[in-house]
Amino acid sequence: MASMKLGSKTDAFQKQGQAWFCTTGLPSDVVVEVGEMSFHLHKFPLLSRSGVLERLIAEASNEDEDGCVVQLPDIPGGPKAFELVAKFCYGVKLELSASNVVYLRCAAEHLEMTEEYGEGNLIAQAELFLNQVVLRSWKDSLKALQTCEDLLPHADDLQIVKRCIESLAMKASTDPNLFGWPIMEHGGPMQSPGGSVLWNGISTGARPRNLNSDWWYDDVSNFSLPTYKKLISVMESRGIKPEIIAGSLTSYAKRYLPGLNRRQSVNESSSRSLGAPPPEEEQKLFLEEIDRLLPMQKGLTSTKFLFGLLRTALILRASPACISNLERRIGMQLDQATLEDLLMPNFSYTMETLYNVECVQRILEHFLTMDQATDGASPCSIDDGQLMGLPSLTPITMVAKLIDGYLAEVAPDINLKLPKFQSLAGAVPEYGRPLDDGLYRAIDIYLKSHPWLADSEKEELCRLMDCQKLSLEACTHAAQNERLPLRVIVQVLFFEQLQLRTSIAGCFLVSDNLEGSRQLRSGFAGSNEGGGGGWSTAVRENQVLKVGMDNMRMRVSELEKECTNMRQEIEKIGHVAKTSSSAWGSVSKKFGFKLKSQMCSAQEGSVSNQNKNGNIKIEKVKEKQGKQKKKVTTD
């Protein structure tokens, strides 16, 4: 820390209890009382430097001829500051530093120690040291600003706070590596004028490491909230990037809100702690102020930190405006959250659920509002093929997956009512879920944890998912799931069979294309390779095709058997008519397939025809292969 010495005499003061005595040998003729401390001094050194002391000594001398007592109850800095002033008046060696210059400057102003009462008076000396030494150093400016907090409003009236803040803001907004400022004083190595690291005053040639944009975060975290707010305001006016301001606010909040450090390591948490945490009321006011200072832009503050603020605000019962504002901030960047972030316990005594589901739903609504306002992914902008192919590239699909995972976590809570579960699950747009596997898993867990639901409630819950958007694995599980209503199981089987038949039809189309291309390839190979290569390729491809067709035929047969068994079970219950054709038609109407009653039998016939067609196509391939073989033999 830089310093400057004033005066030339050795210390001529001696403290005895609550009194200071001047040891010059002459008896004191004035007593200055400052608080509980009394200073036994001489009139001439004091009145020759201070206008206030000159008037007070004159008044006291006229009132009491026997003794002169002067009282200074309002002097800034109290007895500590007046002790330094008295030493200056007596010409005792006094070392100015960043720790005491603000005390001296405020006390000198209060005592009117101007140039009118002596050249090089204390006001001029303190101003010179402030401007030429303190404000040019980052560390000294920090120290001076910290002492200003003990001398308000005097330091504010003298513009010392403003000058220190301007100095700090200017240094924080400029890359220190460009100017070689001695900012590394507070924790780094000393540097030579050339910029290399010094060891015992000898240049080592090593260059100091570069400083990141967050090098000043910890230093300014020591200020009180009013001083810190002024510093942030000046930094914003100087054009410091919002993400840097947000980073500083994050560091500052973690220092004074113990609830934000619950997920940090022990070492990191203890390094930021300041002893006993502030009272809860102060923490609540502090959190609300941090919320007002944070820039309202997406991505500037980490989502995990915002969730920590929201969790702390719920614990401290912050104002509804603060909680709503934090929910809106999180909603802007919900696609960056994790499942762990969403699992916020319910801190209210009036709510029965384990987790705060309503808060998550409000956050989701904010996200959907922002997504629509920014022209996010929608059914009009992305077709089904693109949505199925790129489920992880749009924020809405990421949020849908996150909400499905959250529903699966909160589903075991027996106090979670069905309307609340349905409301959160149904809030996600249909186009946000390329697959409904995650939603099906959450519904299955909810049904398992709430076995007392009526059949009508189960069917209402299952309407949230689309059976056509279940994967093969989910369909297989759902077809054997006894917790699902019978109607849903039939729908799953129907759509699974429908998808499989569509796949078979597509495979037949591909086989026709392969047949035509195979003829071209075999003819080309026969002309270039003497006919041997084309025949062997055709045989291998026919074998692969035959295996694939056999597998598909077996799968269709299994599904037809399942469908037949299901039809028989329904007939036993007695909900269908006597004839099988009319029975299947009533079942299709009951379960909402929106198909004619003859569809199942017609599709069975089409599958049989497709199987026959497949056999005919295989026979044709064999005939063509025989002809090719005869032709090769003839050649």
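Going by the structure above, here's the rest.
Residues numbered from 1 in each chain as written. Predicted model: local features only at pLDDT ≥ 70, side-chain atom pairs only at ≥ 80, totals over all residues. Heavy atoms only, no water.

Draft legend 1. Representation of the sheet that holds strand β6 (residues 69-71). What the 5 strands build is an open sheet, ordered β2-β3-β5-β4-β6; its pairing is mixed. Each edge of the sheet is formed by a strand with only one pairing partner; in this case those strands are β2 (13-16) and β6. Across the sheet, the axes of successive neighbouring strands diverge by a mean angle of 20 degrees, strand direction being ignored. Here β2 runs beside strand β3 (residues 19-22); their pairing, made up of 4 bridges, is antiparallel. Across the sheet, residue Lys15 finds its bridge partner in β3, namely Trp20. Along the sheet, helix α2 (residues 51-63) makes contact with β4 (30-34) and β6, crossing β6 at roughly 135 degrees. Those strands touched by helix α3 (residues 78-89) are β2, β3, β4 and β5 (37-41), and its axis lies near 10 degrees from that of β5. (Pairing = 2+ DSSP bridges. Helix = DSSP H or I, 4+ residues; strand = E, 2+ residues; numbered from the N terminus. Axes fitted to C-alpha atoms, helices over the stretch in contact; angles between N-to-C directions. Contact = heavy atoms within 4.5 Å.)

Draft legend 2. Local environment of the side chain of Ser38. As for its placement among the helices and strands, Ser38 is situated in strand β5. Taking relative accessible area as the criterion, Ser38 reaches 17% and is therefore assigned buried. Not counting the four nearest positions on each side in its chain, Ser38 is found in contact with Gln18, Ala19, Trp20, Val31, Val32 and Glu33. (Buried < 20%, exposed > 50% of the residue type's maximum accessible area, 1.4 Å probe, protein only.)

Draft legend 3. Representation of helix α11 (residues 225-237). In a regular helix each residue adds 1.5 Å, so 13 residues correspond to 18 Å; α11 covers 18 Å between its end C-alpha atoms and thus fits that length. Listed in full, the buried residues belonging to α11 are Leu225, Thr227, Tyr228, Leu231, Ile232, Val234 and Met235. On the buried face of α11, the contacting elements are α6 (138-148), α8 (160-172), α10 (217-220), α12 (242-256) and α14 (280-293). In the stretch just after α11, Gly239 is the one whose phi turns positive, near 85 degrees. (Expected span 1.5 Å × (residues − 1).)

Draft legend 4. Representation of the packing of aromatic side chains. Tallied over the full model, the rule gives 8 aromatic pairs. On the numbers, 3.9 Å between centres and 5 degrees between planes, the contact of Tyr228 with Tyr252 is stacked. Here Tyr228, found in helix α11, pairs with Tyr252, found in helix α12; they are 24 residues apart in sequence, far enough to count as distant. Neither residue differs from the other here; Tyr228 and Tyr252 are each classed as buried. A cation over a ring is seen here: Lys80 above Tyr103, with NZ or CZ 5.2 Å from the ring centre. (Phe/Tyr/Trp six-rings, centres within 6.5 Å; stacked < 30°, edge-to-face > 60°. Lys NZ or Arg CZ within 6 Å of the ring centre and 35° of its normal.)

Draft legend 5. Examining the nonpolar core more closely. Formed by 152 residues in total, the largest nonpolar core has its most connected members in Val32, Leu41 and Phe82. For this core, the leading source of residues is helix α20 (residues 395-410), giving 9 residues. In contact with Val32, not counting residues within four places along its chain, are Met37, Ser38, Phe39, Leu41, Leu46, Val70, Leu72 and Phe82. (Core = buried A, V, L, I, M, F, W, Y, C linked by side-chain atoms within 4.5 Å.)

Draft legend 6. Quick look at the pairing of β5. Extensive coverage of β5 is indicated by the burial of 5 of its 5 residues. Alternating residues of β5 divide into Met37, Phe39 and Leu41 and Ser38 and His40, and every residue in both groups is buried. In this structure, β3 lies alongside β5, joined through 3 bridges in parallel fashion. If you follow Ala19 over to β5, its bridge partner there is Ser38. Strand direction decides the pairing type here: β4 and β5, joined by 5 bridges, are antiparallel. Each residue of the ladder has a partner; that of Glu33, found in β5, is Ser38. Adjacent in sequence and paired antiparallel, β4 and β5 are bridged by 2 residues, among which Gly35 carries a positive phi angle near 65 degrees.

Draft legend 7. Representation of the packing of helix α18 (residues 357-373) against α20 within the structure. Packing of α18 against α20 brings their axes to within 12 Å, and their N-to-C directions diverge by 170 degrees. By the angle class used here, α18 and α20 are roughly antiparallel. Of the residues in α20, those in contact with Val357, Val360, Leu364, Phe367, Leu368 and Asp371 of α18 are Pro395, Ile396, Val399, Ile403 and Tyr406. Considered class by class, the residues forming the contact of α18 with α20 number 10 nonpolar, no polar and 1 charged. (Parallel < 35°, antiparallel > 145°, perpendicular 65-115°, else oblique. Nonpolar A, V, L, I, M, F, W, Y, C, P; charged D, E, K, R; others polar.)

Draft legend 8. Layout of helix α24 (residues 472-479). Looking at α24, one finds that the buried residues are Ala474, Cys475 and Ala478. Burial along α24 is one-sided: seen end-on, the buried residues are contained in an arc of 100 degrees. Those residues of α24 that are exposed and angled more than 90 degrees off the buried face are Leu472 and Glu473. (Arc of directions from axis to C-beta.)

Draft legend 9. The packing of helix α16 (residues 320-332) against α18, seen in detail. Packing of α16 against α18 brings their axes to within 8 Å, and their N-to-C directions diverge by 55 degrees. Relative to α18, the element α16 is oriented oblique. Between α16 and α18 lies a crossing of right-handed hand. In this structure, α16 uses Ser324, Glu327, Arg328, Ile330, Gly331 and Met332 to contact α18, whose residues at the interface are Cys359, Arg362, Ile363, His366, Phe367 and Met370. Its residues assigned to classes, the contact of α16 with α18 shows 6 nonpolar, 3 polar and 3 charged. (Left-handed = near helix turned anticlockwise from the far one by under 90°.)

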